[in-house]
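Here is what each chain is made of, one letter per residue.
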Amino acid sequence: MSKNNIKNSLKTGSDKDGYFGEYGGIAAGENLMHNLEELKNAFEDAIKDKKFLDEFAYHCKHWIGRPSPIYFAENLTKKIGGAKIYFKQEHLNHTGSHKPTNTLFQVLLAKRMGKKKIICESGAGQHWSAAAATAAKFSLPIIGVMGKIDVERINQNILKAKHYGGKLKVVPGSLREAITAAIKEWSNNPDYYYLIGSTCSSAPFVDIVRYAQSIIGKEMREQFMELEGKLPNEIIACAGAGSNFSGSIHEFLDEPEIKKVVVEAEETAALTNGTKGIMQGMVTKFLQSDDGSKSLGGTSLGAGIMYYGISPQLAHLKDIGAIEASVASDKELLETYKLVAQNEGIGISFEPAAAITEALKRAKGKPKDYIICATCCGRVEKDLDVIEKLIGKDFE
Amino acid sequence: MSKNNIKNSLKTGSDKDGYFGEYGGIAAGENLMHNLEELKNAFEDAIKDKKFLDEFAYHCKHWIGRPSPIYFAENLTKKIGGAKIYFKQEHLNHTGSHKPTNTLFQVLLAKRMGKKKIICESGAGQHWSAAAATAAKFSLPIIGVMGKIDVERINQNILKAKHYGGKLKVVPGSLREAITAAIKEWSNNPDYYYLIGSTCSSAPFVDIVRYAQSIIGKEMREQFMELEGKLPNEIIACAGAGSNFSGSIHEFLDEPEIKKVVVEAEETAALTNGTKGIMQGMVTKFLQSDDGSKSLGGTSLGAGIMYYGISPQLAHLKDIGAIEASVASDKELLETYKLVAQNEGIGISFEPAAAITEALKRAKGKPKDYIICATCCGRVEKDLDVIEKLIGKDFE
Amino acid sequence: MSNRFNKIFLNTTQKTKLVAYFVACYPSYEKSLEIIKKAIDSGISICELGFPTQEASGEGPIIKKAHDHCLEKNITLKDTLKLAKEVRNYNKNVGIILMGYMSNVFKYPIDKFVKELAEVDADGCLIVDAPHELKEENQLRNALTEKNLSLIKLVAPTTTNERLKIISKFFSGWVYSLNFSGVSGSKSADLKQVEQMIKKIRNLTKLPICSGFGIKTPEEAKEVASSGCDGVVVGSSIVEYIEKNANDKNLTQNVGKLIKSFILELNKQ
Amino acid sequence: MSNRFNKIFLNTTQKTKLVAYFVACYPSYEKSLEIIKKAIDSGISICELGFPTQEASGEGPIIKKAHDHCLEKNITLKDTLKLAKEVRNYNKNVGIILMGYMSNVFKYPIDKFVKELAEVDADGCLIVDAPHELKEENQLRNALTEKNLSLIKLVAPTTTNERLKIISKFFSGWVYSLNFSGVSGSKSADLKQVEQMIKKIRNLTKLPICSGFGIKTPEEAKEVASSGCDGVVVGSSIVEYIEKNANDKNLTQNVGKLIKSFILELNKQ
Ligand SMILES: Cc1ncc(COP(=O)(O)O)c(C=O)c1O
Ligand SMILES: Cc1ncc(COP(=O)(O)O)c(C=O)c1O
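The model shown is predicted, which means the values in this text are computed figures rather than measured ones. (Residues numbered from 1 in each chain as written. Chains lettered and ligands numbered in written order. Predicted model: local features only at pLDDT ≥ 70, side-chain atom pairs only at ≥ 80, totals over all residues. Heavy atoms only, no water.)

Quick word on the site of ligand 2
Residue and element names in this part refer to chain B.
Step number 1: Taken together, the neighbourhood of ligand 2 is formed by 17 residues, with Ser 198, Gly 240, Gly 242, Ser 243 and Asn 244 sitting nearest.
Step number 2: Gly 240 is positioned such that a nitrogen or oxygen atom in its backbone is 2.6 Å from an oxygen atom of ligand 2.
Step number 3: At 3.0 Å from an oxygen atom of ligand 2 is found a main-chain nitrogen or oxygen belonging to Ala 241.
Step number 4: Surface burial for ligand 2 is 97%, taken as the share of its 390 Å² of free accessible area covered by protein chains.
Step number 5: By residue class, the composition of the shell around ligand 2 is five nonpolar, 10 polar and two charged.
Step number 6: The two domains that each donate at least three residues to the shell around ligand 2 are domain 1 (39-52 + 99-210) and domain 2 (64-97 + 214-395). (Near = heavy atom within 4 Å. Polar contact = N/O pair within 3.5 Å; in protein donor to acceptor, adjacent residues only side chain to side chain. Areas by Shrake-Rupley, 256 points an atom, 1.4 Å probe, with all protein chains shown as cover. Nonpolar A, V, L, I, M, F, W, Y, C, P; charged D, E, K, R; others polar. Domains from an automatic or database assignment.)

Below, the structure is given as structure tokens:
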């Protein structure tokens, strides 16, 4: 989408039809095509507008509290014995995850487009509370759609969003059903702005969300150059659909010497275990039945990374070997949470625990000047009760 | 304590006996005098040590995520009609309040002093979770003391502290009893480091905590000069004992043209309604029975500002007219929470709601170029369930 | 393009043709077949056989519920093709198109699907979530064209003129004109808008145009028909009737009556 | 300084004097008076009358509980002074000091407190949380000195030599040597340390030295006495006995017996 001087750059975004190699595109009804095109034009226009970008940067700084710092996890580094482990502290953002960077960007875009109402979906409720906060700040009414399963296990985000003024619609199921329901609501109300929470669905959403979140990697570059005088050797981040990971690595896509590792929940690892298919508005890897009529996949403690699909861009990048993929189990998430809390005094949510699990595995035995940076994209509050219930006695 | 070039500067800290005017001092048993002197010497030594200060600054930046940004509350400003309302976003710090800046400073000091164990008290649990996080990061065991009343109403901070590895001792009562019990525990174990959570108790604690927190005001100066080209006309912050307020205003103490307004919980407004007395290791204003044998005061929703005493420095500053004092009621805290959530997309805890309540009152009708900055020292998570129970239906 | 659509729309006994949407194999394979046969006997010109998929992103709750029922009973696209074959065996003249989502077709995969679609002598298919920008749509369209089958294209009220011009190049069989932008069964059609749509499309194609979405009653069908379209598509309304009366032993007879009531109104024009 | 302390410590019938701490007016005003009279009769040399305060930051749970009991019954410093007066009326020779915290004294306020202390013919007071650095301590000390009363100063094991030298200038009446740093009733005294403390203090003053904190049994009292101190202070142990037997009709007699058992052991030296 954007231009770039490097030949065969991986940073150019999707092609004119929204594809990344053979993935992506638009698998949407004709009734959404106009919305998507309008959105694409508005997006391309907005990112050429310095005033718009300045406004985004202003609110990133003052409202979200960006840049989020990088943090040298010294105790874990010593404990593991090997590479220097860093966290990119996205959990310090307002609302407690990487999500508000995306909601801020898109709500500004919605305003620019003159949209009067916003609709969004959510899995972990993290996107919902960030979206509702952003909508409140910019005085736009917002409707959120969440699956009943998620609503039942995530409480705080839902209360917060309610207090910001968001109206929640609960549908049976989980994130999958929420996305479908939100898209249907959007079909019925083409005057709404559909504020998607991750790098999924039809073009141009993948590019938009990735664009907003790529500030993560940009900050990382500056911060590592300042602190270490060099870039990390590996960047690791978890992925539900992949906005956090895409945002973390985008800046470095044309630097193949930097390893990029995406970690999915073991139970819903579309990138590792999925097959190519067409669902949810896009062509990508999904956990699905052989005939494509149903999605598959289990339940992970990491509500935010429990998604049976994956960003089409990531499916492409994995196919061409530009990124590696791994998985983390519930047991590992809990163990990593505990390690990070007790050694670094940071209470992380389950999602970044997936990334840090992988970071700890990879750090072991590596040279002392090898740097691994894991993006820590969420804080524990939403998961605290579950953790206490499952392993509370381990802390006594 | 520290030297300063301005004649009669208010920024020099307490006198050699720990007094601010007629307040402060040390009202402690002889068995604590050695500890306090050791601490005073260690503190004065540490703040002359550039390496120590650099280490503090390093962890402030990378672990806590400082500087916390200032934020122009544009919607509230419009709604109120008058002065520009700003928030200093201390809630974006790691652990969600201004508290970790103090715990970080003191844990580094404890390490420097070679202390092997830490004890602390807590009211809202905000200091306890920050202290436990810091102790975990610096690999020191920690014991926390909290009142039963507070433990019962504050859950998340207690769970978090437990997960960081902190051991909690519950005593009957509230913050008052917790402080006394912690001090007793310290008396019994003079080899512990007593990590106090606010600008109270005997010298040198008031100076230490204020020193650590004064980074708030220093950041404000820089940030306002950058963003507005001038300093705020008024700085407002809530106070339990007063670390957040002291930290917010210290930088500006020698600039009388900047109004400084401290806001207490109406039910425990020691500065406004208290009388001079000697309790809790210090001379200051307390809500107390006429004969000095008992403390008085009711219960506020703002658990962190529910303290029947006040920083002796603030008692002094109020006496000499350098600061103003006000109060906020539970009803106002709830109303302000709602206003901030719905208009700015920020979920604040009850404590900063006190400061913002006052800011909104004062902003009304003021000239458009008048700037009021309220320190927003906590995020809503710990109070969310209470809010939902009390006014949840108002959001439907 | 199969010759059958030509024949259907050239036939003048009925001014506006009735296109009926069924969720294939709903409420069961046998019952569905019986119902469709009855519908054909009652006068429908084209039958759309919806194959079930979990997302059904274009469908409202009525049709979605029937999809979910089929999925639970493990009905697949394969079963729908089998059903299509039996329908064709029953009647050589009725138009048969399979309607659904790319997900299933892509996994079948595309070439096999088209081959079998030709084998059962269906006339084409309609894929809701396959705009021409989708590479997989191109693949499907090319394969269908090769077998002389149609990929029915949709046009929405939000489709711009510019885009309509592009899509018109891919029209085949007939054109499905959506009466509103939204999921099936969610709103009613607005006649003014429908008329405009039909006019706009007519300017670009000689192919028949069927108007669908939001037609719930025979009266509404007649009203939409007055827009000048060549056929009207009725979906949710039929599916809802079947849902609500799944256990009625006279279900088949009654669906026949329902269809007849639509035909009756359409013929009043 | 009152002459009474001189007399008490010059008296040689008992080598090591017994200083007994009571929570004044505990369990009730009358009972407390009765107990103290009995204690005097049983041989204590000095009685410390603790006045109740909420914080009682130097007290462990035993004494704190008695304080809380008094506070609930709205016992104040005023009542303690009244009690002191009745004790003095009963016995002209026993040393009487009021013991407590600055909070109450400050609010009394200081001058009035000292005036009344003199009026009841007590010998001074001991304020736990009033180091000489505290301005209010200076004020209190000056007022007491003017009335020839003592502010008993404390020395802790953690008090540095340098500091001890400074404090020694403020010694009056006798010196309270703390056997450990910690709250009352929390630990036992360590004889080695006590000996060292006494020696250190002796080097700086001619005044009597009483050793207190952590003396729970008559045997422990004897052991501490062997350190060379002039008196031992027993507090928690007496208060605990009263707490546990508050409803015993023989309470007064039994406290007398308890005191006697301490005296007996002390006299065995
Ligand atoms: C805390 C947290 N981290 C990570 C994710 C995953 O999102 P994405 O795959 O877009 O990075 C979520 C999604 O809700 C989340 O809540
Ligand atoms: C969120 C929050 N704000 C403010 C305070 C008040 O502390 P201080 O008076 O030291 O500023 C507390 C104390 O616990 C708190 O938790």
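Some details on the interface of chain A and chain C
One widely used convention gives an interface's size as the accessible area the parts lose upon coming together.
Step number 1: Taken together, the 35 residues of chain A in the interface contact 38 residues of chain C.
Step number 2: The largest share of the area that chain A buries against chain C comes from Glu 30, Lys 184 and Ile 278 of chain A, three residues that together contribute 23% of it.
Step number 3: Counting every contact that joins chain A to chain C gives one salt bridge.
Step number 4: Arg 163 of chain C is the salt-bridge partner of Glu 30 of chain A, the closest N and O atoms lying 2.9 Å from each other.
Step number 5: Applying the counting criterion to the chain A and chain C interface returns 17 residue pairs in polar contact (both at pLDDT 80 or more).
Step number 6: Of all elements in the fold, only helix H1 (30-46), helix H8 (175-188) and strand S11 (275-279) of chain A reach the threshold of two or more residues within the side of chain A that touches chain C. (Contact = heavy atoms within 4.5 Å. Buried area = accessible area lost by both parts, 1.4 Å probe. Salt bridge = Lys/Arg side-chain N within 4 Å of Asp/Glu carboxyl O. Helix = DSSP H or I, 4+ residues; strand = E, 2+ residues; numbered from the N terminus.)

So, the sheet that holds strand S6 (residues 142-147) of chain A
Residue and element names in this part refer to chain A.
Step number 1: On the basis of which strands lie adjacent, the open sheet formed by four strands has the order S7-S6-S5-S8 and parallel pairing. The open sheet has two edge strands with one neighbour each: strand S7 (167-171) and strand S8 (193-194).
Step number 2: Here S6 pairs with S7 via five bridges, running parallel. What sits directly across from Met 146, in S7, is Val 170. (Pairing = 2+ DSSP bridges.)

Quick notes on the interface of chain B and chain A
Step number 1: If you look at the interface, chain B gives 48 residues, while chain A gives 48 residues.
Step number 2: Roughly 4,100 Å² of surface becomes buried between chain B and chain A when both sides are summed, with 49% attributable to carbon and sulfur atoms.
Step number 3: The largest per-residue losses of area from chain B upon contact with chain A belong to His 62, Lys 162 and His 163 of chain B, which jointly make up 17% of the total buried on that side.
Step number 4: Linking chain B to chain A there are 10 salt bridges.
Step number 5: A salt bridge links Lys 160 of chain B to Glu 381 of chain A; the nearest nitrogen and oxygen atoms lie 2.5 Å apart.
Step number 6: One can count 36 residue pairs in polar contact (both at pLDDT 80 or more) joining chain B with chain A.
Step number 7: When residues of the side of chain B that touches chain A are traced back to their parent elements, those giving at least two are helix H2 (50-64), strand S3 (70-72), helix H5 (126-137), helix H7 (156-164), helix H10 (215-227), helix H14 (330-344) and helix H16 (384-391) of chain B.
Step number 8: Sorting elements by how many residues they give to the side of chain B that touches chain A places H7 of chain B first, with six residues.
Step number 9: Across the side of chain B that touches chain A, the residue classes tally to 20 nonpolar, 16 polar and 12 charged.

Regarding the site of ligand 1
Residues and elements named next belong to chain A.
Step number 1: Around ligand 1 sit 17 residues, and of these Ser 198, Gly 240, Gly 242, Ser 243 and Asn 244 come closest.
Step number 2: Separating an oxygen atom of ligand 1 from a side-chain N or O atom of Ser 198 is a distance of 2.5 Å.
Step number 3: Its residues assigned to classes, the shell around ligand 1 comprises five nonpolar, 10 polar and two charged.
Step number 4: For the shell around ligand 1, the domains that each give at least three residues are domain 1 (39-52 + 99-210) and domain 2 (64-97 + 214-395).

Brief notes about the relation of the copies chain B and chain A
Step number 1: Its rotation angle being 180°, the transformation that places chain B on chain A also includes 0.0 Å of axial translation and leaves an RMSD of 0.0 Å. Such a combination of rotation and displacement between the chain copies is what one expects of a two-fold axis. Rotation axis and chain B: the residue whose C-alpha lies nearest the axis is Leu 92 of chain B, separated from it by 3.0 Å.
Step number 2: In this assembly, 100% of the residues forming the interface of chain B have copies in chain A that are likewise at the interface, indicating an isologous arrangement. (Least-squares fit on C-alpha atoms with pLDDT ≥ 70 in both.)

Topic: the packing of aromatic side chains
Step number 1: Within the structure shown, the criterion is met by 40 aromatic pairs over all chains.
Step number 2: With centroids separated by 6.3 Å and ring planes inclined at 80°, the aromatic side chains of Tyr 337 of chain A and Phe 395 of chain A adopt a geometry described as edge-to-face. Taken together, the residues Tyr 337 of chain A in helix H14 (residues 330-344) and Phe 395 of chain A in the segment after helix H16 (384-391) connect sequence positions 58 residues apart.
Step number 3: A relative accessible area of 3% places Phe 395 of chain A in the buried class.
Step number 4: Considering the side-chain rings of Phe 72 of chain B and Tyr 86 of chain B, the 5.4 Å spacing of their centres and the 35° angle between planes classify their relative orientation as tilted. Placement of Phe 72 of chain B in strand S3 and of Tyr 86 of chain B in strand S4 (residues 84-88) is noted, with a sequence separation of 14 residues between them. Taken as a pair, Phe 72 of chain B and Tyr 86 of chain B share a single burial class, namely buried.
Step number 5: Of the aromatic side chains, those joined through ring pairs into one cluster are Phe 43, Phe 52, Phe 56, Phe 105 and Tyr 211 of chain A. (Phe/Tyr/Trp six-rings, centres within 6.5 Å; stacked < 30°, edge-to-face > 60°. Buried < 20%, exposed > 50% of the residue type's maximum accessible area, 1.4 Å probe, protein only.)

Description of the domain arrangement of chain A
Residue and element names in this part refer to chain A.
Step number 1: The domains assigned to chain A are domain 1 (39-52 + 99-210) and domain 2 (64-97 + 214-395).
Step number 2: A C-alpha centroid distance of 22 Å is found between domain 1 and domain 2.
Step number 3: Interface area for domain 1 against domain 2, summed over the two sides, is near 2,400 Å², with a carbon-plus-sulfur share of 54%.
Step number 4: For domain 1, the biggest contributors to the area lost against domain 2 are Arg 153, Arg 176 and Arg 210; these three give 26% of the whole.
Step number 5: Put simply, domain 1 and domain 2 have zero salt bridges between them.
Step number 6: The tally of links between domain 1 and domain 2 comes to 13 residue pairs in polar contact (both at pLDDT 80 or more).
Step number 7: When residues of the side of domain 1 that touches domain 2 are traced back to their parent elements, those giving at least two are helix H4 (99-112), helix H5 (126-137), helix H7 (156-164), H8 and helix H9 (205-213).
Step number 8: Broken down by class, the residue content of the side of domain 1 that touches domain 2 amounts to 12 nonpolar, 11 polar and five charged.

Observations regarding the sheet that holds strand S7 (residues 167-171) of chain B
Residues and elements named next belong to chain B.
Step number 1: Spatial ordering of the open sheet is given by S7-S6-S5-S8, a layout of four strands whose pairing is parallel. Both outer strands of the open sheet, S7 and strand S8 (193-194), are each paired with one neighbouring strand and no more.
Step number 2: In the packing of helix H8 (residues 175-188) onto the sheet, contacts are made with strand S5 (118-122), strand S6 (142-147), S7 and S8, and the angle to S5 comes to roughly 165°. (Axes fitted to C-alpha atoms, helices over the stretch in contact; angles between N-to-C directions.)

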